[in-house]
Amino acid sequence: MTLPTTEPELRPLGVDGILVRFARRLTSQANKSALDFRDRMQAADIAGITEVASSLVSVRVGFDPDVTTRQEVAQAIKAVLAVHETTVAGPKRLWRIPVAFGPAYAPQLEEAAALAGLTPAQAIAEIEAAIVRVMAIGFAPGQPYLGMLPDHWDIPRQSSLTESLPPGALITAVRQLIIWAADAPTGWRHIGQTAFRVYLPETSQPFAFTAGDAVQFHAVSDSAFRDIQGNNDTNGGATCEVLR
């Protein structure tokens, strides 16, 4: 996949950061370009750089003002951007995660499917068939934004908030999926339930996902899901395949 021909925007971000923005709206292309730049910027190992953190379509490059200057960092960024890769590498890991779609675990599946012009069975089949990518992590520790689903999944958020959702809830809006991490209100629709923990504070790597990981969901029966919930040997029955 070739990188976009439009040059990214460089904007100051606080006293010790530069924002590199690849688009003004979310697209799969812009997200892949942001993740590719993040990887190449980290690999460049430039003196004075303290952080290279990606979001959906942009990357924050933090620096230590006692070691380098904003101008020097901007020049380094432009040098990395000038080396246009002809392809963006695929994901390093593929997660496969079981989901319960029964009515008790997916209270808004029918509503979301109707907004997408699908039956619930068709919606489940499309979610199972999709291999989505962790485009960004945010809002709550370890919480992934997964995309992109087909265009007809560009459904709006709710006009009101759901007060709280259980951890591991699979929710959807605007062509994305999220595995819910926090006990907090949301305007996204609850369409399934996993037992997967995206945040593992007791471990040396507390975030289960890394931006750029691939994820595929597969449906399980409610009884099978309850068995998964009672099994502490795996993270919600998920498997993780290293691709490269």
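The structure under discussion appears in the preceding block.
Residues numbered from 1 in each chain as written. Predicted model: local features only at pLDDT ≥ 70, side-chain atom pairs only at ≥ 80, totals over all residues. Heavy atoms only, no water.

1. Side note on the overall build of the protein chain
Here is step 1 of the chain: Looking only at helices and strands, one finds five helices and twelve strands in the protein chain.
Here is step 2 of the chain: A compact globule built from 244 residues should have a C-alpha radius of gyration of about 18 Å, and the protein chain, at 19 Å, falls within 12% of that.
Here is step 3 of the chain: Counting only C-alpha atoms, the protein chain reaches 60 × 40 × 35 Å along its principal axes.
Here is step 4 of the chain: When contacts within the protein chain are restricted to residue pairs at least 6 apart in sequence, those whose partners lie at least 24 apart make up 67%.
Here is step 5 of the chain: Taking the average location of the 20 positive side-chain charges in the protein chain and that of its 25 negative ones, the two points are 6 Å from each other. (Helix = DSSP H or I, 4+ residues; strand = E, 2+ residues; numbered from the N terminus. Rg over C-alpha atoms; globule rule 2.2 N^0.38 Å. Contact = heavy atoms within 4.5 Å. Lys, Arg positive; Asp, Glu negative; His and termini not counted. Charge placed at Lys NZ, Arg CZ, Asp CG, Glu CD.)

2. Quick look at the nonpolar core
Here is step 1 of the chain: The biggest cluster of nonpolar side chains holds 31 residues, and the ones touching the most others in it are Ile97, Ile179, Phe196, Phe209, Val215 and Phe217.
Here is step 2 of the chain: Listed by contribution, the elements that provide at least two residues to this core are strand 5 (93-100), helix 3 (109-115), helix 4 (120-129), strand 6 (132-137), strand 9 (176-179) and strand 11 (214-220).
Here is step 3 of the chain: Discounting chain neighbours no more than four positions away, the residues touching Ile97 are Ile179, Thr194, Phe196, Phe209, Val215, Gln216, Phe217, His218 and Ala238.
Here is step 4 of the chain: Judged by nonpolar contacts, the second largest core, of 15 residues, contains Ile18, Phe22, Phe37 and Val59. (Core = buried A, V, L, I, M, F, W, Y, C linked by side-chain atoms within 4.5 Å. Buried < 20%, exposed > 50% of the residue type's maximum accessible area, 1.4 Å probe, protein only.)

3. Description of unusual backbone geometry
Here is step 1 of the chain: A cis geometry characterises the amide bond from Gly147 onward to Met148, with omega recorded as 0 degrees.
Here is step 2 of the chain: Mapped onto the elements, Met148 comes out in the loop between strand 7 (144-147) and strand 8 (169-173).
Here is step 3 of the chain: Its identity is not glycine, yet Asp45 carries a phi of approximately 50 degrees, on the positive side.
Here is step 4 of the chain: Counting through the fold element by element, Asp45 comes out in the loop between helix 1 (28-44) and strand 3 (49-54).
Here is step 5 of the chain: Classification of Asp45 by relative accessible area gives exposed; the value is 67%.
Here is step 6 of the chain: Of note in this structure, Val174 is not a glycine but carries a positive phi near 40 degrees.
Here is step 7 of the chain: Along the chain, the position of Val174 falls in the loop between strand 8 and strand 9.

Limitation: the analysis is restricted to geometry and does not speak to function.
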